[in-house]
Amino acid sequence: MREVLPADGMLFHAKKGKPIELSTPLAPLADTHGHLTSFRKHDPAAAIARAALAGVRLLVVPVDPDDDVTDASAFEHWFEQVRTDAARLLENCAQQGILPPAFVGWEGAPALVDNVWFVAGVHPYGAQRLLDDTAIAERMRVLLAGERCVGVGEFGIDYGPWNDVDPSAQMQAMRMQLRMAHELGMPVELHIRDANNDEQAQAHQDALRVLREEGVPQSGCDLHCYTCGPQVMEPFVELGCHVAFGGAVTFVRSDDIRDAAVACPEHLLLSETDSPYMAPVPLRGTECEPAMVVFSAACVARVREEAGVDTARHTYAALWRNACTFFGLS
């Protein structure tokens, strides 16, 4: 049996092993972007079970037809098996009296194992290969037609230190995938990363230009893993883009991201983890998992309440409702 909880029964432990107390969220939680195919330490089925025990009721998993998936049918079989295994793990937990939290007023929220979906898209790292290899685009279309696929992503523009793909190829691949989303009536999740210390936020400017020229898909657009301030966010919000805040919003030096979380209109707020990357405080240095959305959601709710924008309960409710609506799951 895969391990869901360690011997002490605590979901979370800091890098040095200290158990972390967990407060119950004020509404069901949504991780709108949590990778299950990139773990080094976590088991995907156990990660879903742990997320359910933390209060997560919706998980959207990004998959890349260039990097993650070589056979669309095999992936969908694996995806269903992971959900089945997670359900069995949760049944075992229930037999031991360990249950996911209940949410008063949200009795209609589905169980997490019934509410795990995926989006498919080619990351900017693979932009040139998408343009050169028709098999990747064909595989992506098969994934997008999948029963549990709810969007296109992640794709976009990355001028960071780990990407050497030509900017023109990245923009062309972004246009190609936006057009797929328009054609299929699906929302998109965008990956946008500026070069280090780029005060002009050139990747965001270029992505904004492409969005304006191609049009924001009617079903919606999400700035995944947002790590800039309010000024960079503003023109995207004016276009109606959602903004997803993950672990980075909790970091000590992330005042600009927290300012963006305060400034973001309530109806455009989303929560995510981008697991296994960027575990939130107080778990920095560990491998992130979907359950950890509990910390980023709590941070967004807290800073908005402290700024007098919304009560924490109101923000929690908005994060849940927005995620369900964005993916057409409400």
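Reading the values: rules and limits
Within any chain, residue numbers begin from 1 and follow the written order of that chain's sequence. Local features in this predicted model are restricted to residues whose pLDDT is 70 or higher, and side-chain atom pairs enter the listing and the counts only when it is 80 or higher, whereas totals over whole chains, interfaces and linings include all residues. Heavy atoms throughout the structure, all of them, feed into the side-chain values; hydrogens and water do not. Helix and strand assignments follow DSSP, with helices taken as H or I runs no shorter than four residues and strands as E runs no shorter than two, numbered in order from the N terminus. Expected span, for any helix, means 1.5 Å times one less than how many residues it has. Buried residues are those whose accessible area, probed at 1.4 Å on protein chains only, stays under 20% of the maximum for their type, while exposed residues exceed 50% and partly exposed ones sit between those limits. It only takes one pair of heavy atoms within 4.5 Å for two residues to be counted as in contact. Should DSSP find at least two bridges between two strands, the strands are regarded as paired. Whether a crossover is right-handed depends on one test, that the path from the first strand over the helix to the second runs clockwise when the strands point away from the viewer. Geometry is summarised by axes, namely lines fitted to C-alpha atoms with helices restricted to the contacting stretch, and by angles between N-to-C directions that run from 0 to 180 degrees. Working definition of a nonpolar core: buried Ala, Val, Leu, Ile, Met, Phe, Trp, Tyr and Cys residues. They are joined through side-chain atoms within 4.5 Å.

K.L.:
Quick question: what am I supposed to make of helix α6 (residues 202-214) here?
P.N.:
The α-helix winds at 3.6 residues per turn, so residues separated by three or four positions along the chain end up facing the same way. Its 13 residues place the ends of α6 18 Å apart at the C-alpha level, agreeing with the 18 Å of an ideal helix rising 1.5 Å per residue. Within α6, the full set of buried residues consists of Ala203, His204, Asp206, Ala207, Leu208, Val210, Leu211 and Glu214. Residues of α6 that are buried in the fold lie against β6 (149-158), α5 (167-184), β7 (188-193), β8 (221-223) and α7 (230-238).

K.L.:
Quick question: what am I supposed to make of the pairing of strand β4 (residues 56-63) here?
P.N.:
Counting buried positions along β4 gives 8 out of 8 residues, so the element sits mostly inside the fold. Two elements, strand β3 (residues 29-31) and β4, share 3 bridges in a ladder whose sense is parallel. Following the sheet pairing, leucine 29 is matched in β4 by valine 56. Assessed by its sense of winding, the connection that carries the chain from β3 through helix α1 (residues 44-54) to β4 is right-handed. Once you follow β4 into helix α2 (residues 72-95) and on to strand β5 (residues 116-120), the crossover reads as right-handed.

K.L.:
Explain the sheet that holds β4 here, please?
P.N.:
Backbone-to-backbone hydrogen bonds join strands into a sheet, with any given pair of strands oriented parallel or antiparallel. The 8 strands are arranged β3-β4-β5-β6-β7-β8-β9-β10 in an open sheet whose pairing can be described as parallel. Bordering the open sheet on either side are β3 and β10 (269-271), each of which pairs with just one other strand. Neighbouring strand axes in the sheet, compared pairwise and without regard to direction, differ in orientation by 30° on average. In terms of strand pairing, β7 meets β8 through 3 bridges, oriented parallel. Note that in β8 the partner of glutamate 189 across the bridge is aspartate 222. Along the sheet, helix α9 (residues 293-306) contacts β3, β4, β9 (242-245) and β10; its crossing angle with β3, the most-contacted strand, is approximately 115°.

K.L.:
Hey, could you run me through the nonpolar core in this one?
P.N.:
It is characteristic of soluble globular proteins that their nonpolar side chains tend to be buried jointly. Ranked by size, the top nonpolar core spans 101 residues in total, and within it Phe12, Ile48, Met174, Leu190 and Phe245 carry the most contacts. Ranked by residue count, the leading element in this core is α1, at 9 residues. Ignoring sequence-local partners within four residues, the contact set of isoleucine 48 consists of Leu36, Leu59, Val82, Ala86, Leu112, Val113 and Val116. With 14 residues, the next largest nonpolar core counts Ala30, Val60, Trp117 and Phe327 among its residues.

Read these as spatial facts, not as claims about activity.
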